[in-house]
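A closer look at the structure
Residue-level listing of the chains:
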Amino acid sequence: MFEGSFLGDGGKLADTDRLECGICWSVYDPAEGDPHWNVPAGTPFAQLPEHWRCPTCDAPQHKFMVLRND
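Residues numbered from 1 in each chain as written. Predicted model: local features only at pLDDT ≥ 70, side-chain atom pairs only at ≥ 80, totals over all residues. Heavy atoms only, no water.

1. A look at the environment of Arg18
Note the cut-off: Runs of H or I in DSSP of at least four residues are treated as helices and runs of E of at least two as strands, each being numbered from the N terminus. The contact rule is simple, with two residues in contact once any of their heavy atoms fall within 4.5 Å.
Checked against the element boundaries, Arg18 lands in strand 1 (residues 18-21). Contacts of Arg18, omitting those with residues within four sequence positions, involve Val27, Tyr28, Asp29, Pro30, Met65, Val66 and Leu67.

What follows is the structure, encoded as structure tokens:
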């Protein structure tokens, strides 16, 4: 389960939130999806399949943190 931000409350993630891997700093951008895992563009992080992992370093979803543009 996603724990990296908001203590695992995926409901607090906006559909457009970009998340960064805390291991390799790779960014998941919902606008782009993830071709490595065949995730179509427009897929929010909270709707990624449970088996999805970082395409760069294979880190689990709970290692990702929300990127904020403050």
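2. Here we look at unusual backbone geometry
So the rule is basically this: For each residue, the accessible area found with a 1.4 Å probe, counting protein chains only, is set against the maximum for its type, and the residue is called buried under 20%, exposed over 50%, and partly exposed in between.
For Trp25, which is not a glycine, the phi torsion comes out positive at approximately 70°. Here Trp25 is to be found in the loop between strand 1 and strand 2 (27-28). Exposure remark for Trp25: the relative accessible area of 55% places this residue in the exposed category. With a phi angle near 70°, Asp58 is a residue other than glycine that sits in the positive phi range. Here Asp58 shows up in the loop between strand 2 and strand 3 (64-67). The class for Asp58 is partly exposed, based on a relative accessible area of 42%.

3. Brief notes about the nonpolar core
Quick note on the threshold: For the purposes of this section, nonpolar cores are sets of buried Ala, Val, Leu, Ile, Met, Phe, Trp, Tyr and Cys residues that join through side-chain atoms within 4.5 Å.
Core analysis: the largest hydrophobic core is formed by 12 residues, namely Leu13, Leu19, Cys21, Tyr28, Val39, Phe45, Leu48, Trp52, Cys54, Ala59, Phe64 and Val66. Elements represented by at least two residues in this core include exactly strand 1 and strand 3.

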